[in-house]
Amino acid sequence: MRTRRLGDTDLELTTVGLGTWAIGGGGWDYGWGPQDDKRSVATIRRALDLGINWIDTAPVYGLGRSEQVVGRAIKGRRDEVLIATKCGQVWHEGDTGAHSRLKADSIQREAEASLRRLSIDVIDLYQIHWPYPDEDIEEGWGAIADLVEEGKVRYGGVSNFSVSQLERAQPIHPVASLQPPYSMLRRDIEGEQLPYCATNGIGVVAYSPMEAGLLTGKFDKERAAGLAEDDWRRRSDQHREPRLSVNLALVDKLKPIAEGNGRSVAELAIAWVLRRPEVTSAIVGARRPEQIEETARAADWVLSESDRAEIEDALAERERRLGQEQ
Ligand SMILES: NC(=O)c1ccc[n+]([C@@H]2O[C@H](COP(=O)([O-])OP(=O)(O)OC[C@H]3O[C@@H](n4cnc5c(N)ncnc54)[C@H](OP(=O)(O)O)[C@@H]3O)[C@@H](O)[C@H]2O)c1
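This structure is a prediction, so every number in the text was calculated from the model and none was measured.

**Q** Please provide a residue-by-residue account of the sheet that holds strand β9 (residues 153-159), values included.
**A** Read once around its circumference, the closed barrel built from eight strands follows the order β3-β4-β5-β8-β9-β10-β11-β12, with strand pairing classed as parallel. Shown here is a sheet whose adjacent strand axes are inclined to one another by a mean of 30 degrees, direction ignored. Relative to strand β5 (residues 82-87), strand β4 (residues 54-56) is paired through three bridges, and the arrangement is parallel. Each residue of the ladder has a partner; that of Asp-56, found in β5, is Ala-84. Running at roughly 140 degrees to β5, helix α3 (residues 104-118) makes contact with β5 and β8 (123-128) of the sheet. On top of the sheet, helix α4 (residues 137-150) reaches β5, β8 and β9; it is set at about 160 degrees to β9, its chief contact.

Spelled out as structure tokens, the structure:
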């Protein structure tokens, strides 16, 4: 499987990393409906068998559950996998959601709790999940620098940061990576973040490349209507009308391009994200082994110029249709 170096670090990441938000299951504000932990463990182990060498998780995914399941799945296989987790979203016993906190003492406690849940001695990449509260970014980032100093964290990264927020963090401690959303439906980072990261030796690990299952060729109106009560996608604009129909029309355009290569739309969506050299790796979510078996194949697929041009046409058509909807 292809690898790329994460910014200026010495971490070589496979171009597909496993995302474990959905594995946190349901029962909280940003849950994905029912999820069987045994199946999650099998999915994670399958990802490692396929050669994927890194996993992205967060304490908030299932309010501790995702990290615990990851910890169970990697038992005995720690040397095969790099672990990325996050901080800055905390909750109290009995809560169904989290709030933002970047105070140094809070981050120190969070790191200890993540190490325990994951049953590991060191976090390979520790990321500030969201840049909130904005006024505490410097304090939170300083706390991550301290954790690196203490040897509990190898590299610090950030997620959902703007360029001006990256610029505030950089003088305190080098930012190893940015974790932004990036998919055919969300291209904002092409303007400022990607060029900034490339110039400043910051790796980019792009999240939701399939737009939470929408760009797979297997999501349709029936599936949208049948989402579990506690699946956050019921509230997502992309997964609801009027956008849903426009997005599904795009997927119809993508299908022949994927099929012409003997590939799936899910693979196409990931390969499209990886066409940008600034992107180190795509974080690909999966909740069943078969899903990652299919999407891991995208790691080595380099899109041809003509396929890229056809995709751009399809995306321009989607923009026109969205304009008409408004
Ligand atoms: N830093 C942040 O703020 C942030 C935010 C979002 C995500 N992330 C990270 O990025 C990761 C990936 O993003 P994501 O999980 O939102 O979205 P994604 O990777 O775009 O989509 C993952 C979802 O697509 C469906 N799927 C996966 N493989 C499939 C296949 N082969 N065929 C059909 N459906 C398939 C699954 O859901 P169903 O089977 O239920 O449809 C799966 O949970 C997350 O797990 C998390 O680690 C980070």
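**Q** For helix α11 (residues 305-325), give the residues involved together with the corresponding values.
**A** Between its first and last C-alpha atoms α11 spans 31 Å; for 21 residues at 1.5 Å apiece the expected length is 30 Å, and the two agree. Three or more residues of α11 are buried, namely Asp-307, Ile-311, Ala-314, Leu-315, Arg-318 and Leu-322. Projected down its long axis, α11 shows its buried positions confined to an angular sector of 100 degrees, all on one face. When the buried face of α11 is taken as reference, the exposed residues oriented beyond 90 degrees from it are Glu-305, Asp-313 and Gln-324. Looking at the packing, one finds that the buried side of α11 touches α8 (243-260) and α9 (265-274).

**Q** Could you give me a rundown of the packing of aromatic side chains, with the residues and numbers involved?
**A** All chains considered together, the criterion is met by seven aromatic pairs. Consider the rings of Trp-21 and Tyr-61, whose centres lie 5.9 Å apart with planes at 25 degrees: the pair is stacked. Of this pair, Trp-21 sits in the loop between β3 (16-19) and α1 (37-49) while Tyr-61 is found in the loop between β4 and α2 (65-73), placing the two residues 40 residues apart along the sequence. Taking the relative accessible area as the measure of exposure, Tyr-61 reaches 8% and is therefore buried. Ring centres of Trp-32 and Trp-232 lie 5.8 Å apart, and the angle between their planes is 75 degrees; on these two criteria the pair is classed as edge-to-face. Here Trp-32, found in the loop between β3 and α1, pairs with Trp-232, found in the loop between α7 (221-225) and α8; they are 200 residues apart in sequence, far enough to count as distant. Residue classification places Trp-32 among the buried residues on the basis of a relative accessible area of 10%. Look at Trp-232 and you get buried, because its relative accessible area is 15%. These aromatic residues form a ring-pair network of at least three members: Trp-21, Trp-32, Tyr-61 and Trp-232.

**Q** Which residues make up the site of the ligand, and what values do they have?
**A** Around the ligand, a shell composed of 31 residues is seen, among which Asp-56, Ser-159, Arg-233, Gly-285 and Gln-291 lie nearest. Within the side chain of Gln-179, one N or O atom sits 3.0 Å away from a nitrogen atom of the ligand. Within the backbone of Glu-211, a nitrogen or oxygen atom sits 3.1 Å from an oxygen atom of the ligand. Burial of the ligand by the surrounding chains reaches 96%, relative to a free accessible area of 890 Å².

Calculation notes
- Residues numbered from 1 in each chain as written.
- Predicted model: local features only at pLDDT ≥ 70, side-chain atom pairs only at ≥ 80, totals over all residues.
- Heavy atoms only, no water.
- Pairing = 2+ DSSP bridges.
- Helix = DSSP H or I, 4+ residues; strand = E, 2+ residues; numbered from the N terminus.
- Axes fitted to C-alpha atoms, helices over the stretch in contact; angles between N-to-C directions.
- Contact = heavy atoms within 4.5 Å.
- Expected span 1.5 Å × (residues − 1).
- Buried < 20%, exposed > 50% of the residue type's maximum accessible area, 1.4 Å probe, protein only.
- Arc of directions from axis to C-beta.
- Phe/Tyr/Trp six-rings, centres within 6.5 Å; stacked < 30°, edge-to-face > 60°.
- Near = heavy atom within 4 Å.
- Polar contact = N/O pair within 3.5 Å; in protein donor to acceptor, adjacent residues only side chain to side chain.
- Areas by Shrake-Rupley, 256 points an atom, 1.4 Å probe, with all protein chains shown as cover.

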